[in-house]
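Structure assessment
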Amino acid sequence: QVQLRELGGGLVQAGGSLRLSCAASGALYNRYYIGWFRQAPGKEREFVATITWTGSTPYYSDSVKGRFSISIDNAKNMMWLQMNSLKPEDTAVYYCASSPPVQATALMRTDTYPYWGQGTQVTVSP
């Protein structure tokens, strides 16, 4: 069974930076893709970024492209989301998620990912 745990949420001012981490365990097959989703109050959960367990082919939503960076250290079973130039609209609960190999076209769908962390709150003040 895959276990995912997010760390590093908190409060930051607009324009600032924050780094989230996700500690992962379980079969690598079930962590072929690992990434981040977020859910703001009153909104549906949305895709943020994903990467393969080898660190190849990082993929970002248009809303965070150029500001966020996803990375992985598979030997340490750790994945990070570096968030720069944060905006108030980035405020959300951020979730780490993983999935077995899937078609790349499915990576933005929440129902693609059977494994999820508990979430961590990120609040960006004006």
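Read on for an overview of the structure.

How each quantity is defined
- Residues numbered from 1 in each chain as written.
- Predicted model: local features only at pLDDT ≥ 70, side-chain atom pairs only at ≥ 80, totals over all residues.
- Heavy atoms only, no water.
- Disulfide = S-S within 2.5 Å.
- Helix = DSSP H or I, 4+ residues; strand = E, 2+ residues; numbered from the N terminus.
- Buried < 20%, exposed > 50% of the residue type's maximum accessible area, 1.4 Å probe, protein only.
- 1 Å grid on protein atoms, 1.4 Å probe; cavity = no way out; pocket = protein on both sides within 12 Å on 5 of 7 lines; lining within 4 Å.
- Points joined across faces, edges and corners; volume = space filled by probe spheres on them.
- Nonpolar A, V, L, I, M, F, W, Y, C, P; charged D, E, K, R; others polar.
- Pairing = 2+ DSSP bridges.
- Axes fitted to C-alpha atoms, helices over the stretch in contact; angles between N-to-C directions.

**Regarding the state of the cysteines**
- Summed over the entire model, instances satisfying the criterion amount to one disulfide.
- There is a disulfide in this structure between Cys22 and Cys96, and the S-S distance comes to 2.1 Å. In this structure the cystine formed by Cys22 and Cys96 twists about its S-S bond by roughly -75°; its chirality is therefore left-handed. Note that Cys22 is positioned in strand 3 (residues 18–25) and Cys96 in strand 9 (residues 92–99), a separation of 74 residues in sequence.
- By relative accessible area, which is 0% here, Cys96 ends up buried.

**A short note on empty space enclosed by the protein**
- In this structure the tally under the stated criterion is one cavity of 30 Å³ or more.
- A volume near 40 Å³ is recorded for the largest cavity.
- Contributing to the lining of the largest cavity are Cys22, Ala24, Arg31, Ile34, Ile72, Asn74, Asn77, Met78 and Met79.
- Listing elements by their share of the lining of the largest cavity, those giving two or more residues are strand 3 and strand 8 (78–83).
- The class makeup of the residues in the lining of the largest cavity is six nonpolar, two polar and one charged.

**As for the sheet that holds strand 8**
- As summarised here, the arrangement of the four strands in space is 1-3-8-7, forming an open sheet in which the pairing is antiparallel. One side of each edge strand has no neighbouring strand; the edge strands of this open sheet are strand 1 (3–7) and strand 7 (68–73). Within the sheet, the average angular offset between the axes of one strand and its neighbour, ignoring direction, is 15°.
- The pairing of strand 3 with strand 8 spans six bridges and is classified as antiparallel. Its bridge partner being in strand 8, Leu20 is matched across the sheet by Leu81.

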